[in-house]
Amino acid sequence: MTIRTAAVSSLLAIIIAICDSGINPAAADTVTDPVLEAKKHYNFAVQYKNSGSFDEAQRQYEKAIALCDTIYQFHFSYADLLGKIQQPEKARAEYLRALELNPRHFPTLTVLSENYRQAACYDSALVMYERMYAVEPERRELLASIAGYREYLGNAEGALEAYTELIAKGEAGYETIMKAAVLASREGDLSRARDFAVMALEVRAEDREALSLAANASMQIEDRDSAVLYLRRICEADTADVASHSQLAKLYRSQGDTGNLLWTLERQVRVDSMNVEAIGELAEILYTQGNIEEGIMHVRRGLIIDPKDGRMHILMGENYRRLNQNDKALAEYRIALKDPAWSSSAQRLIWQIERPESAAEKKEKDFFNRK
């Protein structure tokens, strides 16, 4: 390359740099504006950074910022360099300065949010996400992150608000809806918890968690009819769910629905085979329906589990009484007397067979028994 060619190339490079800085080439030799001078150093800094000459790039950035500290691009680009040369604290300070100068600069918000996340500064990361969402509210994934951070930081109300907004914007995925349902339940907003659970069931029709949440919320707001529907679906799908069978039986009992109560108890005692109370209630219903033999089968089973259960002895006594075997019936009733829960019932049944003595009869009996 000739000396003349080299000189022309250098001149062109200077002109390009000046043009990138917004400087009029024709007046370059007379420019004294510090902003234009700062832009020139900034352009040099970017070129050096891109070429890997980080030391020189840093000097050029510092010159540019010293001349003009109010252009956010300077600080944002310089922060990127500081990150590359492993100076994270200085980099963060420059990003914050860039954000101060341009609060809506999305790339700065993005970098800072990730920076805070990696440093486990989740409260600061949340602030960045909230500001990002304010800038670009159409980005639903930001709202999902906001909800997650709020929940993690213990702001259940704020998390529920974010999940609700996310669902209202059409993000009707099962996981999102169930997070909202669980939070609403924890916050005591039971009607909304059930509404979300029902929405989740529209996505996964027989989901166990959603059914349980809908059932529990319905019971707590005393909507027993709805609770029955959800619990019935659970019991039909999951025979082994003892708690749901017990709750469903309680509801059918309160409604006087003997037919469905029988259905529930039959399933319950198959799963919870040692539940003497359920076995006894099942046997009693079978008795009232005239299905004595099956009822007796359950009574014998119950007495094997708990030989002292008063209800079982009363039911066995009732069977003997039906067969006109009153002596055996009385023997069963007298055993039931020892069970405090059933002693009064047993005593009344004994009196139906053996009429209690009147005061006069007792007095007379005592007189003749004296020695």
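For the structure, check the block above.
A brief structural summary. (Residues numbered from 1 in each chain as written. Predicted model: local features only at pLDDT ≥ 70, side-chain atom pairs only at ≥ 80, totals over all residues. Heavy atoms only, no water.)

Quick word on the pattern of salt bridges
Next up, step 1: Within this structure, the stated rule accounts for 20 salt bridges.
Next up, step 2: Note that Arg97 and Asp69 form a salt bridge whose closest N and O atoms lie 3.1 Å from each other. On the criterion of sequence distance, the pair formed by Arg97 in helix H5 (residues 88-101) and Asp69 in the loop between helix H3 (54-67) and helix H4 (72-84) is long-range, its members being 28 residues apart.
Next up, step 3: Take Asp69: its relative accessible area is 33%, and that puts it in the partly exposed class.
Next up, step 4: Salt-bridge contacts for Arg311 lead to Glu284; the nearest nitrogen and oxygen are separated by 2.8 Å. Highlighted residues: Arg311 in helix H18 (residues 310-322) and Glu284 in helix H16 (residues 276-288), separated in sequence by 27 residues.
Next up, step 5: Assessed through its relative accessible area of 34%, Glu284 is described here as partly exposed. (Salt bridge = Lys/Arg side-chain N within 4 Å of Asp/Glu carboxyl O. Helix = DSSP H or I, 4+ residues; strand = E, 2+ residues; numbered from the N terminus. Buried < 20%, exposed > 50% of the residue type's maximum accessible area, 1.4 Å probe, protein only.)

Quick word on the side chain of Ser218
Next up, step 1: Secondary-structure assignment places Ser218 in helix H12 (residues 208-220).
Next up, step 2: The class for Ser218 is buried, based on a relative accessible area of 0%.
Next up, step 3: Filtering out sequence-adjacent residues up to four positions away, Ser218 remains in contact with Arg194, Asp223, Ser226, Ala227 and Tyr230. (Contact = heavy atoms within 4.5 Å.)

Observations concerning helix H9 (residues 156-168)
Next up, step 1: When the terminal C-alpha atoms of H9 are compared, their 18 Å separation across 13 residues agrees well with the 18 Å that a helix rising 1.5 Å per residue should span.
Next up, step 2: Within the sequence span of H9, burial applies to Ala156, Gly158, Ala159, Leu160, Ala162, Tyr163, Leu166 and Ile167.
Next up, step 3: Summarising the contacts, the buried residues of H9 are in contact with helix H8 (140-152), helix H10 (174-186) and helix H11 (190-203).
Next up, step 4: A positive backbone phi angle near 100° is found at Gly170, which sits one or two residues after H9. (Expected span 1.5 Å × (residues − 1).)

Section: the packing of H3 against H4
Next up, step 1: Two elements in contact, H3 and H4, have axes separated by 10 Å at closest approach and are oriented at 150°. Accordingly, the angle class assigned to the pair H3 and H4 is roughly antiparallel. By crossing handedness, the relation of H3 to H4 is classed as left-handed. Together, Phe54, Ala57, Gln58, Tyr61, Glu62, Ala64 and Ile65 of H3 and Phe74, His75, Ser77, Tyr78, Leu81, Leu82 and Lys84 of H4 make up the contact between the two elements.
Next up, step 2: Partitioning the contact of H3 with H4 into residue classes produces 9 nonpolar, 3 polar and 2 charged. (Axes fitted to C-alpha atoms, helices over the stretch in contact; angles between N-to-C directions. Parallel < 35°, antiparallel > 145°, perpendicular 65-115°, else oblique. Left-handed = near helix turned anticlockwise from the far one by under 90°. Nonpolar A, V, L, I, M, F, W, Y, C, P; charged D, E, K, R; others polar.)

As for the nonpolar core
Next up, step 1: Counting 95 residues, the largest nonpolar core has Tyr61, Phe74, Met178, Phe196, Leu265 and Val299 as the members making the most contacts within it.
Next up, step 2: Looking at this core, the element that brings in the most residues is H16, giving 8 residues.
Next up, step 3: Contacts of Phe196, omitting those with residues within four sequence positions, involve Leu160, Thr164, Ile167, Ile177, Ala180, Ala181 and Ala184. (Core = buried A, V, L, I, M, F, W, Y, C linked by side-chain atoms within 4.5 Å.)

Side note on unusual backbone geometry
Next up, step 1: Phi at Ala120 is positive, roughly 60°, even though this residue is not glycine.
Next up, step 2: Among the secondary structure elements, Ala120 is positioned in the loop between helix H6 (106-118) and helix H7 (122-135).
Next up, step 3: Look at Glu222: it is not a glycine, yet its phi comes out positive at around 60°.
Next up, step 4: One can find Glu222 in the loop between H12 and helix H13 (224-237).
Next up, step 5: Given the relative accessible area of 68%, Glu222 is considered exposed.

With respect to the environment of Ala91
Next up, step 1: Checked against the element boundaries, Ala91 lands in helix H5.
Next up, step 2: Judged by its relative accessible area of 4%, Ala91 falls in the buried class.
Next up, step 3: Apart from the residues lying within four places of it in its own chain, the contact partners of Ala91 are Ala79, Leu82 and Gly83.

Here's the deal with the packing of aromatic side chains
How two aromatic rings sit relative to each other is set out by the distance from centre to centre and by the angle between their planes.
Next up, step 1: Tallying each qualifying case throughout the model produces 7 aromatic pairs.
Next up, step 2: A ring pair is formed by Tyr122 and Tyr149, whose centres lie 6.1 Å apart and whose planes are at 35°; its orientation type is tilted. Of this pair, Tyr122 sits in helix H7 while Tyr149 sits in helix H8, placing them 27 residues apart in sequence.
Next up, step 3: Residue Tyr149 is classed as buried on the basis of its relative accessible area of 11%.
Next up, step 4: Owing to a relative accessible area of 26%, Tyr122 belongs among the partly exposed residues under this scheme.
Next up, step 5: Joined through ring pairs, the aromatic side chains of Tyr42, Tyr61, Phe74 and Tyr78 make up one cluster.
Next up, step 6: Here Arg204 stacks its cationic end above the ring of Tyr174, 3.8 Å away from the centre of that ring.
Next up, step 7: Here Arg232 stacks its cationic end above the ring of Trp263, 3.6 Å away from the centre of that ring. (Phe/Tyr/Trp six-rings, centres within 6.5 Å; stacked < 30°, edge-to-face > 60°. Lys NZ or Arg CZ within 6 Å of the ring centre and 35° of its normal.)

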